[in-house]
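# Structural characterization, general
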Amino acid sequence: MKLRERRTHFARHDHQYFRDCAELGDNGIPKTEIERTPWQQLWIEWVGLKPLAYHLTDWPEHVEHTLDQLERRARQTFEIARRSPAPFIVIVDNITASAIGPARFRTGRLQIQISENVPLDRWRISLPVIAEAIEAFGKP
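Structure report, in brief. (Residues numbered from 1 in each chain as written. Predicted model: local features only at pLDDT ≥ 70, side-chain atom pairs only at ≥ 80, totals over all residues. Heavy atoms only, no water.)

## Here we look at the overall build of the chain
Quick reminder of the rule: Comment: elements are numbered from the N terminus, with helices defined as DSSP H or I runs of at least four residues and strands as E runs of at least two. For every residue, the accessible area (1.4 Å probe, protein chains only) is compared with the maximum for its type, and the residue is labelled buried under 20%, exposed over 50%, or partly exposed between those bounds. Contacts between residues were defined by any pair of non-hydrogen atoms, one from each residue, lying within 4.5 Å. In this description, accessible areas are obtained by the Shrake-Rupley approach with a 1.4 Å probe, and a residue is regarded as covered only by the protein chains that are shown.
Secondary structure summary: the chain contains seven helices and two strands in total. Evaluated residue by residue, the chain yields a buried proportion of 24% over its 140 residues. Expressed as a percentage of contacts within the chain between residues at least 6 apart in sequence, the contacts between residues at least 24 apart total 67%. Of the accessible surface of the chain, which amounts to about 10,300 Å², a share of 52% is contributed by carbon and sulfur atoms.

## A look at the environment of Pro30
Mapped onto the elements of the fold, Pro30 is located in the loop between α1 (14–24) and β1 (33–34). Residue class for Pro30 comes out buried when judged on its relative accessible area of 9%. Taking the C-alpha atoms as reference, Pro30 lies 9.6 Å from Pro87; in sequence the two are 57 residues apart. Contacts of Pro30, omitting those with residues within four sequence positions, involve Tyr17, Asp20, Cys21, Leu24 and Phe88.

## Brief notes about the nonpolar core
Applicable threshold: Buried Ala, Val, Leu, Ile, Met, Phe, Trp, Tyr and Cys residues that are joined via side-chain atoms within 4.5 Å together make up what is termed a nonpolar core.
Counting six residues, the largest nonpolar core consists of Leu42, Trp43, Leu52, Val63, Leu67 and Leu70. Those elements that provide at least two residues to this core are α2 (38–46) and α4 (60–82). Among the elements that take part in this core, α4 stands out by supplying three residues, more than any other.

## Focus on the packing of aromatic side chains
Where we set the bar: Two aromatic rings, drawn from Phe, Tyr or Trp (for Trp, its six-membered ring), form a pair once their centres lie within 6.5 Å of each other, and the interplanar angle then sorts them: stacked below 30 degrees, edge-to-face above 60, tilted otherwise.
Here the structure, examined in full by the defined rule, presents one aromatic pair. Between Tyr17 and Phe18, the ring centres sit 5.7 Å apart and the planes meet at 70 degrees, which makes this aromatic pair edge-to-face. According to the relative accessible area criterion, Tyr17 is buried, its value standing at 11%.

## Examining the pattern of salt bridges
It is possible for side chains of opposite charge to pair when their charged atoms get near one another. Applied cut-off: For salt bridges, the criterion is a side-chain nitrogen of Lys or Arg within 4 Å of an Asp or Glu carboxyl oxygen.
Counted according to the given criterion, the structure contains five salt bridges. Residue Glu35 pairs with Arg73 through a salt bridge whose shortest N-O separation is 3.0 Å. Here the residue Glu35 occupies a position in the loop between β1 and α2, and Arg73 occupies one in helix α4, the gap between them amounting to 38 residues. In this structure Glu35 comes out as partly exposed when scored by relative accessible area, which is 30%. Arg82 serves as the salt-bridge partner of Glu79, at 2.7 Å between the closest nitrogen and oxygen.

Structure representation (structure tokens):
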């Protein structure tokens, strides 16, 4: 697992955002998002959580090189996002229930939004249900 260094150019496209805003009118705002952070990319999109742990052990220099490249790209992306006219930008990082485990959900102390489908005022009653679903699913 080693990302080959390539030159990538990122550019803002505010005109597209404003076009989308005009098209939506009073019916909403465009959903603006950027890619996952480097670690999330590696373990979700590239190799999986367990293989990533093996890669870190077996080829740490390759993983580090890959992370350096992904982080360089992420910094460019985040800088563009910071200057965006959008009122919010979704970073599609997520948590994977099997990686966190049911115990964290059971405590009710998990202070991140589990899903855009779970409103903040519903977490206390939603977390135990999520824990039960994780246990019922088992390990992937």
